[in-house]
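Per-entry structural report
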Amino acid sequence: MAVNAQVLDFEEYVRTRQDALLRSARRLVPDPIDAQDLVQTALARTYPRWQAIADKGLADAYMRRVMINTRTEWWRARKLEEVPTPELPDACVDDGSEQRADREMLQDALRVLAPKQRQVVVLRHYRQLSTEETAHALGMSVGTVKSTLHRALARLRAELEAGCYGYGPAIGTRRAGQCRTGMEDVCAVAA
């Protein structure tokens, strides 16, 4: 009978305090799934010792200590991904040149669009306004913003896939006359 009372007492504790225990676990581990695993492991480790906790008002503190110890064990048992090698790998320094090149390529591709299309793309994707905010800013209807954005993105996609901006087929594989040269560097193949 005492064992059954112990089980009911522990079940009642888990039922009433599980949300608080999960919040405590989320502070210890960043992943929500790992937090749930941490609570379950702590509960499994606490149950056999439940009768040893004389003051059940301190059960939360006991559970937090078990969760901290469990997380520390997990951290110590983690598998390190580092592998010693006889030679040091080449150091890679990101100087931002790729980002600048991508930005310039995108600016060149945007010049292909009609002014309204360019405005919609910039407001929606660069300024990250909602469709409604973009429509209000440009004095358009929401449906017009959506259709203009759809056409503009399709046009940009076609431009980038045509390969005039460093993406798509290699330069040597394009047919002569496929890309015009000049300030805009506009592809004639675009839809």
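If you're wondering where the values come from, they're calculated on a predicted model, not measured in any experiment. (Residues numbered from 1 in each chain as written. Predicted model: local features only at pLDDT ≥ 70, side-chain atom pairs only at ≥ 80, totals over all residues. Heavy atoms only, no water.)

Scanning the protein from terminus to terminus reveals 7 helices and 0 strands. N-terminal to C-terminal, the α/β element order of the protein is α-α-α-α-α-α-α. Taking all 191 residues of the protein together, the buried fraction comes to 27%. Taking all contacts inside the protein whose residues are at least 6 apart in sequence as the whole, residues at least 24 apart take part in 53%. For the protein, the exposed surface amounts to about 13900 Å²; the carbon and sulfur share of it is 54%. (Helix = DSSP H or I, 4+ residues; strand = E, 2+ residues; numbered from the N terminus. Buried < 20%, exposed > 50% of the residue type's maximum accessible area, 1.4 Å probe, protein only. Contact = heavy atoms within 4.5 Å. Areas by Shrake-Rupley, 256 points an atom, 1.4 Å probe, with all protein chains shown as cover.)

Turning next to the layout of surface pockets. Considering only enclosed or pocket space, the largest pocket measures out at about 310 Å³ in volume. Taken together, Arg103, Leu106, Gln107, Leu110, Val121, Val122, His125, Tyr126, Leu153 and Leu156 make up the lining of the largest pocket. Those elements giving two or more residues to the lining of the largest pocket turn out to be α4 (97-110), α5 (115-126) and α7 (142-162). Among the residues forming the lining of the largest pocket, the class breakdown is 7 nonpolar, 2 polar and 1 charged. (1 Å grid on protein atoms, 1.4 Å probe; cavity = no way out; pocket = protein on both sides within 12 Å on 5 of 7 lines; lining within 4 Å. Points joined across faces, edges and corners; volume = space filled by probe spheres on them. Nonpolar A, V, L, I, M, F, W, Y, C, P; charged D, E, K, R; others polar.)

So, about the pattern of salt bridges. Pairing is possible between side chains of opposite charge, provided their charged atoms come close. Applying the stated criterion across every chain yields a total of 5 salt bridges. Where Glu12 meets Arg15, a salt bridge forms, and the shortest distance between an N and an O atom there is 3.4 Å. Here the residue Glu12 and the residue Arg15 both occupy positions in helix α1 (residues 2-28), the gap between them amounting to 3 residues, near one helical turn. Take Glu12: its relative accessible area is 41%, and that puts it in the partly exposed class. Arg17 serves as the salt-bridge partner of Asp60, at 2.6 Å between the closest nitrogen and oxygen. Highlighted residues: Asp60 in helix α3 (residues 59-77) and Arg17 in helix α1, separated in sequence by 43 residues. (Salt bridge = Lys/Arg side-chain N within 4 Å of Asp/Glu carboxyl O.)

Another aspect to go through is the side chain of Thr134. Note that Thr134 resides in helix α6 (residues 131-138). Among the polar contacts made by the side chain of Thr134, one reaches the main-chain carbonyl oxygen of Ser130 at a distance of 2.9 Å. For Thr134, the contacting residues outside a window of four places in its chain are Val120, Leu123, Arg124, Leu129 and Val145. (Polar contact = N/O pair within 3.5 Å; in protein donor to acceptor, adjacent residues only side chain to side chain.)

It should be kept in mind that the predicted coordinates are not to be read in detail where pLDDT is low. For the protein, per-residue confidence averages 80 on the pLDDT scale, and residues scoring 70 or more make up 82% of the total. Considering only residues more than four positions removed or in separate chains, one finds that residues 169-191, a stretch of pLDDT under 50, has 35 contacts. (pLDDT = per-residue confidence, 0-100.)

Before going further, it helps to spend a moment on a negative patch on the surface. A cluster of acidic residues, Asp94, Asp95, Glu98 and Asp102, forms a negative patch at the surface. For Asp95, the position within the fold is in the loop between α3 and α4. Given the relative accessible area of 51%, Asp95 is considered exposed. (Patch = residues over 30% accessible without salt bridge, like charges linked within 9 Å, V, L, I, M, F, W, Y side chains within 5 Å. Lys, Arg positive; Asp, Glu negative; His and termini not counted. Charge placed at Lys NZ, Arg CZ, Asp CG, Glu CD.)

Quick look at the packing of aromatic side chains now. For the structure shown, the criterion picks out 3 aromatic pairs. When the centroid spacing of 5.0 Å and the interplanar angle of 75° are considered together, the rings of Phe10 and Trp50 count as edge-to-face. Taken together, the positions of Phe10 in helix α1 and Trp50 in the loop between α2 (32-46) and α3 put the pair 40 residues apart, joining distant regions of the chain. Exposure class is identical for Phe10 and Trp50. Each is buried. Grouped by ring-pair contacts, the aromatic residues Phe10, Tyr13, Tyr47 and Trp50 constitute a single cluster. Over the aromatic face of Trp50 sits the side chain of Lys56, whose NZ or CZ is 4.6 Å from the ring centroid. (Phe/Tyr/Trp six-rings, centres within 6.5 Å; stacked < 30°, edge-to-face > 60°. Lys NZ or Arg CZ within 6 Å of the ring centre and 35° of its normal.)

Moving on: the nonpolar core. Residues Tyr13, Leu21, Leu43 and Met67 are the most contacted members of the largest nonpolar core, which totals 17 residues. Breaking this core down by element, the ones donating at least two residues are α1, α2 and α3. Leu21 has contacts with Tyr13, Val39, Leu43, Asp60, Met63 and Met67, leaving out every residue within four places of it along the chain. Counting residues in each nonpolar core, the second largest holds 13 residues, with Leu110, Val120, Val145 and Leu156 among its members. (Core = buried A, V, L, I, M, F, W, Y, C linked by side-chain atoms within 4.5 Å.)

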